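# Coordinates in review
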Amino acid sequence: MIRCGALAAALLLPGAASAQTIQAPLSTAHADEPMAVPADYVRVWSDEFDGKRLDPRKWAYDTSRNKEGWWNNELQYYAANRRENVRLERGKLVIEARRERLSGRADHGGQDYSSGKIQTRGLADWTNGFVTVRAKLACGKGMWPAIWMLGSDEKAGWPGLGEIDIMEHVGWDPGRVHGSIHTKAYNHVAKTQKTAQAMVPDACTAFHDYQLDWNQDRMLIGVDGRAFLRFDNDRKGNPDTWPFAGPQYLILNVAVGGWGGDKGIDADAFPSRMEVDYVRVWQKKRD
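Residues numbered from 1 in each chain as written. Predicted model: local features only at pLDDT ≥ 70, side-chain atom pairs only at ≥ 80, totals over all residues. Heavy atoms only, no water.

## Quick word on the overall build of the protein chain
Looking only at helices and strands, the protein chain features one helix and 18 strands. Referenced to the eigenvectors of the C-alpha coordinate spread, the extents of the protein chain come out at roughly 50 × 40 × 35 Å. Once local pairs closer than 6 in sequence are excluded, the contacts in the protein chain between residues at least 24 apart make up 73%. By element, 46% of the accessible surface of the protein chain is carried by carbon and sulfur atoms, the whole surface being about 12000 Å². (Helix = DSSP H or I, 4+ residues; strand = E, 2+ residues; numbered from the N terminus. Contact = heavy atoms within 4.5 Å. Areas by Shrake-Rupley, 256 points an atom, 1.4 Å probe, with all protein chains shown as cover.)

Pasting the structure below:
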């Protein structure tokens, strides 16, 4: 979910990983095919969000650019350990964007909005597998919720480390979800990114399964068992085109502004929440 701005100078540098797509062109990697957990896969990781608070063995907060400001012209401050922004509620994870200034915080960067961003970085990552995140999306003009992954080995920098956007939704275009793949050869800065879209008319009011099926041959991204994006491994052994031989970690967040703010921000949209029923990861059963 990376976009331009300060990113241009950071491109390809270690530590430049941020998130999320630039406004996507019309589909460059469209698919329409079924997807399901393969029969020889077993569940290797999950969070059902049944506890009283976020499990620190599974998730960490990302607050790394609060002071400097986040990429993509995003306008949010990502709070850590703050129930107003990230909490468990009736068996669901809630990530909530709010219109408020948390100016008393040492790392506050002048933002007028607060939100939450959590990740499995340093706690869990995977190479290949089937991922399902069942979620109801944050909506309203200015919102930009995302479910995505980044390469755990950051030495290559972005986009060389690889990025998998399982779901992005921009609030000014309700009901259209985007999937994208970013690599050194295929990315939005070069206008070569692999992307596709699907209509989910009730994405703001109902839960849906946002899914990734990743193996050594290809990736499928889809919703509710139907893939709308396919990205094939060209089998050249070139990490510029397929940097997905190594592990990736998972990220959930609700940004404010950026792509979601391209048509302004509606003050009446706040608070706006993404609710997640569960996250589940399967991998091929080992002999």
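After presenting the structure, the write-up continues.
## Here's the deal with the pairing of strand β16 (residues 226–232)
In this sheet, β16 lies alongside strand β1 (residues 30–34) in antiparallel orientation, the contact comprising three bridges. Residue pairing across strands places Glu33 opposite Ala227, the latter belonging to β16. Examined bridge by bridge, strand β15 (residues 218–223) and β16 share six bridges and lie antiparallel to one another. Looking at the pairing, Gly222 lines up with Ala227 of β16. Two successive antiparallel strands, β15 and β16, enclose a turn made up of two residues, where Asp224 displays a positive phi of approximately 55°. (Pairing = 2+ DSSP bridges.)

## Focus on the side chain of Asn253
Structurally, the position occupied by Asn253 is in strand β17 (residues 248–256). Residue Asn253 is classed as buried on the basis of its relative accessible area, which comes to 1%. A polar side-chain atom of Asn253 sits 3.0 Å from a polar atom in the side chain of Tyr78. (Buried < 20%, exposed > 50% of the residue type's maximum accessible area, 1.4 Å probe, protein only. Polar contact = N/O pair within 3.5 Å; in protein donor to acceptor, adjacent residues only side chain to side chain.)

## Brief notes about the pattern of salt bridges
Summed over the entire model, instances satisfying the criterion amount to 26 salt bridges. Residues Asp277 and Lys92 are paired through a salt bridge, measuring 4.0 Å at the closest nitrogen-oxygen approach. Residue Asp277 is located in strand β18 (residues 272–284), and its partner Lys92 is located in strand β6 (residues 92–99); the two are separated by 185 residues in the primary sequence. One salt bridge in this structure joins Lys155 and Asp153, with 2.9 Å as the shortest N-O distance. In the salt-bridge network here, residues are joined through shared partners; they are Arg82, Glu84, Arg87, Glu89, Arg90, Glu96, Arg98, Glu100, Lys136, Arg273 and Glu275. (Salt bridge = Lys/Arg side-chain N within 4 Å of Asp/Glu carboxyl O.)

## Remarks on the side chain of Ser115
Turning to its location among the elements, Ser115 is positioned in strand β7 (residues 113–115). For Ser115, the side chain forms a polar contact with the main-chain oxygen of Val254, separated by 2.6 Å.

## Structural notes on the environment of Ala196
The residue Ala196 is located in strand β13 (residues 194–199) in this model. Residue classification places Ala196 among the buried positions, given a relative accessible area of 0%. Separated by 16 residues in the primary sequence, Ala196 and Ser180 have C-alpha atoms spaced 6.5 Å apart. Beyond its immediate chain neighbours, meaning those up to four positions away, Ala196 contacts Ser27, Ala29, His30, Val177, His178, Gly179, Phe228 and Leu229.

## Side note on the confidence of the model for the protein chain
When pLDDT drops low, the exact placement of atoms in the prediction is not to be read closely. When pLDDT is averaged along the protein chain, the result is 93; 92% of the residues meet or exceed 70. Below pLDDT 50 for its whole length, residues 3–19 participates in 55 contacts with residues either more than four positions away or in separate chains. (pLDDT = per-residue confidence, 0-100.)

## Some remarks on the packing of aromatic side chains
Scanning the entire structure with this criterion turns up twelve aromatic pairs. Arranged with centres 5.9 Å apart and planes meeting at 75°, the rings of Phe130 and Trp282 form a pair that is edge-to-face. Of this pair, Phe130 sits in strand β9 (residues 129–136) while Trp282 sits in strand β18, and the two are 152 residues apart along the sequence. Owing to a relative accessible area of 1%, Phe130 belongs among the buried residues under this scheme. Seen from the ring of Trp71, Arg65 lies directly overhead, with NZ or CZ sitting 4.2 Å from the centre. Positioned above the aromatic ring of Trp172 is the side chain of Lys263, whose terminal nitrogen or guanidinium carbon lies 5.0 Å from the ring centre. (Phe/Tyr/Trp six-rings, centres within 6.5 Å; stacked < 30°, edge-to-face > 60°. Lys NZ or Arg CZ within 6 Å of the ring centre and 35° of its normal.)

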